[in-house]
Amino acid sequence: TGARPRWLRWTRSELLVVEATTPPVSSVVRLALGRDHLVARGAGTGLAGGANAVAGGLIVSLARMNRVLEIDEENRVVVVQPGVVNADLKSAVAAHGLHFAPDPASYETCTIGGNLATNAGGLCCVKYGVTGDAVLGLEVVLADGAVIRTGGRNVKDVAGYDLAGLFVGSMGTLGIITEATLRLIAPPAPKQTLLAFMNGAMPQVAVEYGRKTISAYERPTIDDVEQETVGGGSGRPKVEASVCMST
């Protein structure tokens, strides 16, 4: 199959550092100033190669920075460290009647730091936006070891440069995110899906049931159900019916 591209090749870093708070991360970055490669690593689930080891480089693992620091129910805000697993955060805020919307495909194993570094999306981003849309503020260790805070808890915090937006999606090239203040929402309504297969005289029953359970749908949608179940649309036999409803 040929040689792997350089960014896909397995390499070993020279040193791995595992820290649990911001000050040690800042110290490590300061000591590493001038090195060719410094990589921040979370769960390692990303497919873009941003957390790959580089030969002779230094890896700072954020896996132990896995605490949910604060859940503010009244303001719908949560403060977390970057090593918190997305699914764990969802569970933690759900216990307070709240919801963290970003849901990357690897949400059960990926960490918030990686979500921020890649500005991860997910199926729900169509309705709720990507990870960056849930960010209110960040704590970041810069390349010289300096620690800065961007943004805040205010919804309308638009004065000056959007530095938080600059770091989100930067793949760790501008700094290492060590804390994030994130926006929460009310939990979405539970969904129920029904799939029924019928034949003979039952299609009309299915249509009538559909009228009552999907009344919120537009009229063309119900017409399509009638056509498929009673009229034999799309070349299907008239005696067969299938109805799928989701509420």
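Rules used in this analysis
- Residues numbered from 1 in each chain as written.
- Predicted model: local features only at pLDDT ≥ 70, side-chain atom pairs only at ≥ 80, totals over all residues.
- Heavy atoms only, no water.
- pLDDT = per-residue confidence, 0-100.
- Contact = heavy atoms within 4.5 Å.
- Core = buried A, V, L, I, M, F, W, Y, C linked by side-chain atoms within 4.5 Å.
- Buried < 20%, exposed > 50% of the residue type's maximum accessible area, 1.4 Å probe, protein only.
- Helix = DSSP H or I, 4+ residues; strand = E, 2+ residues; numbered from the N terminus.
- Pairing = 2+ DSSP bridges.
- Axes fitted to C-alpha atoms, helices over the stretch in contact; angles between N-to-C directions.
- Arc of directions from axis to C-beta.
- Polar contact = N/O pair within 3.5 Å; in protein donor to acceptor, adjacent residues only side chain to side chain.

1. Focus on the confidence of the model for the protein chain
Okay, step 1: Predicted confidence across the protein chain gives a mean pLDDT of 81, with 73% of residues reaching 70 or more.
Okay, step 2: When the criterion is pLDDT under 50, residues 216–222 qualifies, and its contacts beyond four places in sequence or with other chains add up to 5 contacts.

2. Description of the nonpolar core
For soluble globular proteins, the rule of thumb is that nonpolar side chains tend to be buried together.
Okay, step 1: With 20 residues, the main nonpolar core has V80, L89, F100, I112, L116, L138 and L182 as its most contacted residues.
Okay, step 2: Elements represented by at least two residues in this core include exactly β5 (77–80), α2 (86–94), α3 (112–118), β6 (135–141), α5 (163–167) and β8 (176–183).
Okay, step 3: Listed in part, the 11 residues of the second largest apolar core include V25, V29, A32 and M65.

3. What about the sheet that holds strand β3 (residues 58–61)?
Two pairing modes exist for strands in a sheet, parallel and antiparallel, and in both the strands are linked by backbone hydrogen bonds.
Okay, step 1: With parallel pairing, the 3 strands of this open sheet are ordered in space as β1-β3-β2. Strand pairing shows two members of the sheet lacking a second neighbour, β1 (15–18) and β2 (38–41), which therefore form its edges. Each strand of the sheet is rotated relative to its neighbour by a mean of 20 degrees, with strand direction disregarded.
Okay, step 2: The sheet contact formed by β1 and β3 spans 4 bridges and is parallel. Paired with L15 across the bridge in β3 is L58.

4. Some words on α2
Okay, step 1: Restricting attention to buried positions, one finds in α2 the residues N86, A87, L89, K90 and V93. The arc enclosing the buried residues of α2, seen along the axis, measures out at 160 degrees, which places them on a common side.
Okay, step 2: Contacts from the buried residues of α2 go to β4 (68–72), β5, α3 and β8.

5. Overview of the side chain of N86
Okay, step 1: Checked against the element boundaries, N86 lands in helix α2.
Okay, step 2: From its side chain, N86 meets the backbone oxygen of P102 in a polar contact 3.3 Å long.
Okay, step 3: Those residues within four positions of N86 in sequence are excluded, and the remaining contacts are F100, P102, P104, Y107, C110, T111, I112 and N115.

6. A short note on the environment of H37
Okay, step 1: Considering the arrangement of structural elements, one finds H37 in the loop between α1 (22–31) and β2.
Okay, step 2: Judged by its relative accessible area of 31%, H37 is partly exposed.
Okay, step 3: Along the sequence, H37 and A55 sit 18 residues apart, while their C-alpha atoms lie 8.5 Å from each other.
Okay, step 4: Not counting chain neighbours up to four residues away, the residues in contact with H37 comprise V54, A55, G57 and L58.

7. Regarding the side chain of T181
Okay, step 1: On the secondary structure map, T181 appears in strand β8.
Okay, step 2: Among the residues examined, T181 registers a relative accessible area of 10% and is labelled buried.
Okay, step 3: With residues near it in sequence (within four places) discarded, T181 still touches V77, V78, V79, A134, V135, L136, G137 and R153.

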